[in-house]
Amino acid sequence: MRRSPKLLDRLRLEASDLENHVVDEYLAGRLDRRGLLREGSRFGLALPLLGGLLGTADPFGASRALAQTGSRDATIRVASPTPAGVVEPVSTATSGGLILLMQTGEFLIFDQPDLVLRPMLALSWKPNEDGTVWTFNLRPNVKFHNGHVLNAEDVVATMDRLANPKNGSNALSALRGVLSVGGTRKVDDLTVEFHLDAPNGNFPYIVSSDNYNAIILPADYAGDWEKTFIGTGPFKLDKYTPKVGVSFVRNPDYWGTKALPARTEFTFFADQQPQILALQGGQVDVVSQISVQGAQGLLNDPDVKIVKVRAATHRQLHIRNDVPKFADKRVRQAIAMSLDRPALVAGLFRGRAEPGNDSPFAPVYPSTDKTVPQRKKDIPAARALMAAAGAANGFEATLTTMRLQEIPDYAVLVQNACREIGIKLNLKIETDAAYYGKAQPGQSDWLDSEMGITDYGHRGVPNVLLGAPLLSGGAWNAAHFKNPAYDALVAQYIATTDLGKQREAAGKIQTLLLDETPVIFAYFYDYLTATAAGVGGLTVTGISQVFLANATVA
Amino acid sequence: MTATSLAAADGGLPPAAAAHADPAAEPFATAPSRAARLLRSPSFMVGAVIVLFWVFCAVFGPLVVPHDPYGDDLLNTLAPPSAAHWFGTDQIGRDIFSRVIVGARPILSVAPLATLVATVAGTTLGLLTGYVGGWLDSLIGRLIEVLLALPLIVVALLVLVALGPSSSTVIGVIGIIFTPLIARTVRSAVLSERSLDYVSAAELRGEGALHIMFVEILPNVLPPILVETTVRLGYAIFTVASLSFLGFGIQPPSADWGLAISENYGMMTGGYWWTVSFAAAATASLVVGVNLVADGVQAVFE
């Protein structure tokens, strides 16, 4: 299909100013093909218009995913982490739980691995001019597994449930300050308006699969999700045994193309090594997530296929800004300058990562300002900073963290790097339960430690990462960083709908964080999934989601 | 006059041995002859050589290793054994040979200290329960049985989770969980001693209970205590390594062998055998060495 100027002109007449701005950016060469898809999808750009611009009838490549070889009607066996506690869409917060939510549940929008948004239960979405109200049109004739037909009231109830602090909602990390109870309003049976707390240019990501709690549930959902795994997805529950595993079967009433596998089986494992051995021994077809450190055997195995997703997954090394020995930002800068980031990427991840530049703006984000200079290892300069801060003789401190994947090794490397600038770091490495504690100040090593390393997952946009760990009132602000200028810049970034202006605000935020260095972001690593060589058609995202509807086994 | 001095005056035979002396049996060996028999014991000598080698590494290791055992080299990770790195490098590029050598220090600090704690506490409890008897024996005896009914490694893990892992906590925990075992052994030995004449003589002299337990009886129950201690040392080494492997023992960046196995065992399936094998072999050799010493001691003293 070739681009038709006349067709484009006609379609542009029907488009909003924001949509036309995206088209202008593409036609002027400031957005590439992928950028057009990503930006177009963010504003719900009409499919015909996108197709017309790109010269294709299938701009999202959805049909390509079905072109798999191998056996259909197969059973796909997956090794995944044991869910911590009850699997419940509102409160689930771990990879073991969230991978189950999206087996039977669906989101309004699917955030693809390349950060392009694709319609799921919402067919289209549009903002008003200032990004404070977003209107979503829902897909008609979608049935829940119990036969109930999806309507706007289900979406309103789901979002109010997630936005309500009384429900212990894990989604509040994304929704707080964005969408409150009552902000989601029914317009008609298939139209919903989101009235936001503040302008937000990235809102579609907040209600997409990026917010893994946001599967749409029936309005009358009353809990006990583990009994039904109710949703609208291509699979429905067959059998669930807590702490052991769960199996699903194809949903014959699914609104879209029916799932290729007849059945999927998830077996829970507490550790990575048995999962690896199960894959190598042929007991499972997929290991949902592997780490470079523990899975060298798979990375070198010709009978295993590694699915790699470039992601914003990272570790945050926080430094308490309100502790006297770290109060001078030159000390924090010195610590950051003692780290050799390319070596960390090469040594810890065998190249399956990218260096970070001490802000949440990962290289994968289109809004990241890549003109901001990359911080590099410079021991003489770091020592000079320590001397200028009156800490030439160094001091002793404790780095607290948890036992997870490469984190203990990273802690040792930070310890060695700090030794070069005179800081004697003692390591306190504990279980994740002990580290997070009650996740409240005064009851959590994570939030109370003077230095700590914390695991952070991928997000399709950096909004959550800019907020909770770094805003003055942020719930995850382990660095105790309080900076009004930063808070204002983040508000400006979040409210901006235009990519160019987002990038401009991002540049200012990146520069400010480099100067203040409340948190060290040394690397962003790829999300890795392992499958047997004959398995194909998986869609994997950077937040531990594995979509199996198009999976086949050779 | 103490039991020991009585024994010396009686030609070197301790009263207990003298009282039960079987004319057909070989007389109980004197201290010098025990040492000579130990030195003639092949198992003791082999074990001693192994243990002394690791003790030498623990004491002088940091002075003789070819590389900084804690220094990373991220551009040379997981290198196989070579002339530059005899045992290869680990996943952050540290020299494994150097780490195995200096790794003897943490385990040979923690395990013997834990065994010492258990020996002192267990001996005290064993003397008390065995000599005093009565309700105290019943009470402590039941408590010991309760403790012994629990899986020791699980008890250790629970305590370490509650208190947080550190070398001193590990010493305390292993000391506590081994105490009942030693107490039970000592109590049995004391029970066979308390009815002997030298204890009755001390009581007639009006000696206090503490004096009788620690000055009269203790020297005569030292052989079983020594045997039990050497046996427990082997178990303590194994327990320290197990706790480190489980992540609740000695903490990074220590070169501790159990920790090294824990940090690298995932590498085995990738073919990086050297990251685990040498630390595992070192642990095994030390446990075997201590057990050979224990066998030798047991053969001579029992």
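Keep in mind that what you see is a predicted model, and the values were worked out from it rather than measured.

Asks: Please provide a residue-by-residue account of the overall build of chain A, values included.
Replies: When helices and strands are tallied, chain A shows 21 helices and 22 strands. A compact globule built from 554 residues would reach a C-alpha radius of gyration of about 24 Å, and chain A, at 24 Å, matches this within 12%. Dimensions of chain A along its principal axes, counting C-alpha atoms only, are 70 × 55 × 45 Å. Split into buried and exposed, the 554 residues of chain A put 51% on the buried side. For chain A, the proportion of contacts with a sequence separation of at least 24, taken over those separated by at least 6, is 69%.

Asks: Just give me the short version of the overall build of chain B, but keep the residues and values in it.
Replies: Along the backbone of chain B there are 14 helices and zero strands. The linear arrangement of helices and strands in chain B, starting from the amino end, is α-α-α-α-α-α-α-α-α-α-α-α-α-α. The proportion of buried residues among the 302 residues of chain B is 46%.

Asks: Just give me the short version of helix α16 (residues 407-419) of chain A, but keep the residues and values in it.
Replies: Residues and elements named next belong to chain A. End to end, α16 covers 18 Å across 13 residues, agreeing with the expected 18 Å (1.5 Å per residue, within 8%). Within α16, 10 of the 13 residues are buried, which leaves it mostly tucked inside the rest of the structure. Taken together, the buried positions of α16 are occupied by I407, P408, D409, Y410, A411, V412, L413, V414, A417 and C418. Buried residues in α16 make contact with β12 (304-319), α13 (329-337), α14 (341-349), β14 (395-402), β15 (423-430) and β16 (451-456).

Asks: Explain the interface of chain A and chain B to me, using residue names and the numbers behind them.
Replies: Accessible area lost upon the coming together of the parts serves often as the stated size of an interface. Taken residue by residue, the interface counts 26 residues in chain A and 20 residues in chain B. When contributions to the side of chain A that touches chain B are tallied by element, the ones reaching two or more residues are α10 (272-280), α11 (296-299), α14, α16 and β15 of chain A. Ranked by residues supplied to the side of chain A that touches chain B, first place goes to α16 of chain A with seven residues. When the residues that make up the side of chain A that touches chain B are grouped by side-chain class, the tally is 12 nonpolar, 10 polar and four charged.

Asks: Help me get a handle on the nonpolar core, residues and values and all.
Replies: Ranked by internal contacts, the top residues of the largest apolar core, which has 161 residues, are L108, L121, L175, L279, V286 and V414 of chain A. It is α16 of chain A that provides the largest number of residues to this core, a total of eight residues. V414 of chain A has contacts with L317, L399 and L425 of chain A, leaving out every residue within four places of it along the chain. W54, L125, F248 and A260 of chain B belong to the second largest nonpolar core, which has 74 residues in total.

Asks: Outline unusual backbone geometry, supporting the account with residue identities and numerical values.
Replies: Residue P253 of chain B is reached from P252 of chain B by a cis peptide bond, and omega for that bond is 10 degrees. Turning to its location among the elements, P253 of chain B is positioned in the loop between α12 (222-245) and α13 (257-264).

Asks: Describe the packing of helix α6 (residues 104-132) of chain B against helix α9 (residues 167-193) of chain B, naming the residues involved and giving the relevant values.
Replies: The description of two helices packed together rests on the angle between their axes and the distance between the axes. All names here are of chain B. Direction vectors running N to C along α6 and α9 enclose 35 degrees, while the axes themselves pass 5 Å from each other. Judged by the twist between their axes, the crossing of α6 over α9 is right-handed. When the residues that make up the contact of α6 with α9 are grouped by side-chain class, the tally is 20 nonpolar, 12 polar and one charged.

Asks: Can you explain the pairing of strand β4 (residues 122-127) of chain A? Please cite residues and give values.
Replies: Residue and element names in this part refer to chain A. Bridge count for β4 against strand β5 (residues 133-138) is five bridges, and the pairing is antiparallel. Across the sheet, W125 pairs through a bridge with F136, a residue of β5. The antiparallel pairing of β4 with β5 creates a hairpin that spans five residues between the two strands, and G131 there sits at a positive phi of about 75 degrees.

Asks: An account of the environment of S291 of chain A is needed here, citing residue identities and associated values.
Replies: All names here are of chain A. Along the chain, the position of S291 falls in the loop between β11 (286-290) and α11. Taking the C-alpha atoms as reference, S291 lies 8.8 Å from T529; in sequence the two are 238 residues apart. The contacts of S291, once residues within four sequence positions are left out, are Q272, Q405 and E406.

Asks: Any details on the pairing of β12 of chain A? Residues and values, ideally.
Replies: Residues and elements named next belong to chain A. With 12 of 16 residues buried, β12 lies mostly within the body of the structure. Of the strand pairs in this sheet, β12 and strand β18 (residues 523-532) are connected by eight bridges, and their pairing is antiparallel. Bridged to T313 within β18 is Y525. When β12 meets β16, the two strands line up antiparallel, connected through six bridges. Bridged to I319 within β16 is M451. Of the strand pairs in this sheet, β12 and strand β17 (residues 519-520) are connected by two bridges, and their pairing is antiparallel. Each residue of the ladder has a partner; that of H318, found in β17, is V519.

Asks: Break down the environment of N200 of chain A for me, citing the residues and quoting the values.
Replies: Residues and elements named next belong to chain A. Secondary-structure assignment places N200 in the loop between β7 (191-195) and α8 (203-206). Here N200 falls in the buried class, since 25 other C-beta atoms lie within 10 Å of it. Taking the C-alpha atoms as reference points, N200 and Q492, separated by 292 residues in sequence, lie 9.4 Å from one another. Aside from chain neighbours lying at most four places away, what touches N200 is G131, V178, I494 and A495.

Asks: Describe the packing of helix α8 (residues 152-163) of chain B against α12 of chain B, listing the residues and the values that go with them.
Replies: Residues and elements named next belong to chain B. Two elements in contact, α8 and α12, have axes whose closest approach is 11 Å; the angle formed by their N-to-C orientations is 50 degrees. Accordingly, the angle class assigned to the pair α8 and α12 is oblique. The handedness of the crossing between α8 and α12 is right-handed. Judged by residue contacts, I153, A156 and L160 of α8 engage T239, S242 and L243 from α12.

Asks: Requested: an account of the sheet that holds β4 of chain A, with residues and values cited.
Replies: Residue and element names in this part refer to chain A. An order of β4-β5-β7-β6 is seen for the four strands of this open sheet, with the pairing classed as antiparallel. Only two strands of the sheet have a single partner each, and these edge strands are β4 and β6 (184-188). Neighbour to neighbour, the strand axes of the sheet diverge by 25 degrees on average, direction disregarded. Sheet strands touched by helix α6 (residues 152-163): β5, β6 and β7. Its angle to β6, the strand with the most contacts, is close to 175 degrees.

Asks: How would you explain the confidence of the model for chain A if you had to name every residue and give the values?
Replies: For chain A, per-residue confidence averages 90 on the pLDDT scale, and 91% of positions sit at 70 or higher. In this model residues 62-67 of chain A is a low-confidence stretch, pLDDT under 50, and it forms seven contacts with partners more than four residues away in sequence or in other chains.

Asks: Lay out helix α7 (residues 134-149) of chain B with the relevant residues and their values.
Replies: Given a rise of 1.5 Å per residue, 16 residues ought to cover 22 Å, and the 22 Å separating the end C-alpha atoms of α7 of chain B matches this to within 8%. For α7 of chain B, the buried fraction is low: one of the 16 residues fall into the buried class.

Thresholds, definitions, all that
Residues numbered from 1 in each chain as written. Chains lettered and ligands numbered in written order. Predicted model: local features only at pLDDT ≥ 70, side-chain atom pairs only at ≥ 80, totals over all residues. Helix = DSSP H or I, 4+ residues; strand = E, 2+ residues; numbered from the N terminus. Rg over C-alpha atoms; globule rule 2.2 N^0.38 Å. Buried ≥ 20, exposed ≤ 12 C-beta atoms within 10 Å, placed from the backbone. Contact = placed C-beta atoms within 7 Å. Expected span 1.5 Å × (residues − 1). Nonpolar A, V, L, I, M, F, W, Y, C, P; charged D, E, K, R; others polar. Core = buried A, V, L, I, M, F, W, Y, C linked by C-beta atoms within 7 Å. Axes fitted to C-alpha atoms, helices over the stretch in contact; angles between N-to-C directions. Left-handed = near helix turned anticlockwise from the far one by under 90°. Pairing = 2+ DSSP bridges. Parallel < 35°, antiparallel > 145°, perpendicular 65-115°, else oblique. pLDDT = per-residue confidence, 0-100.

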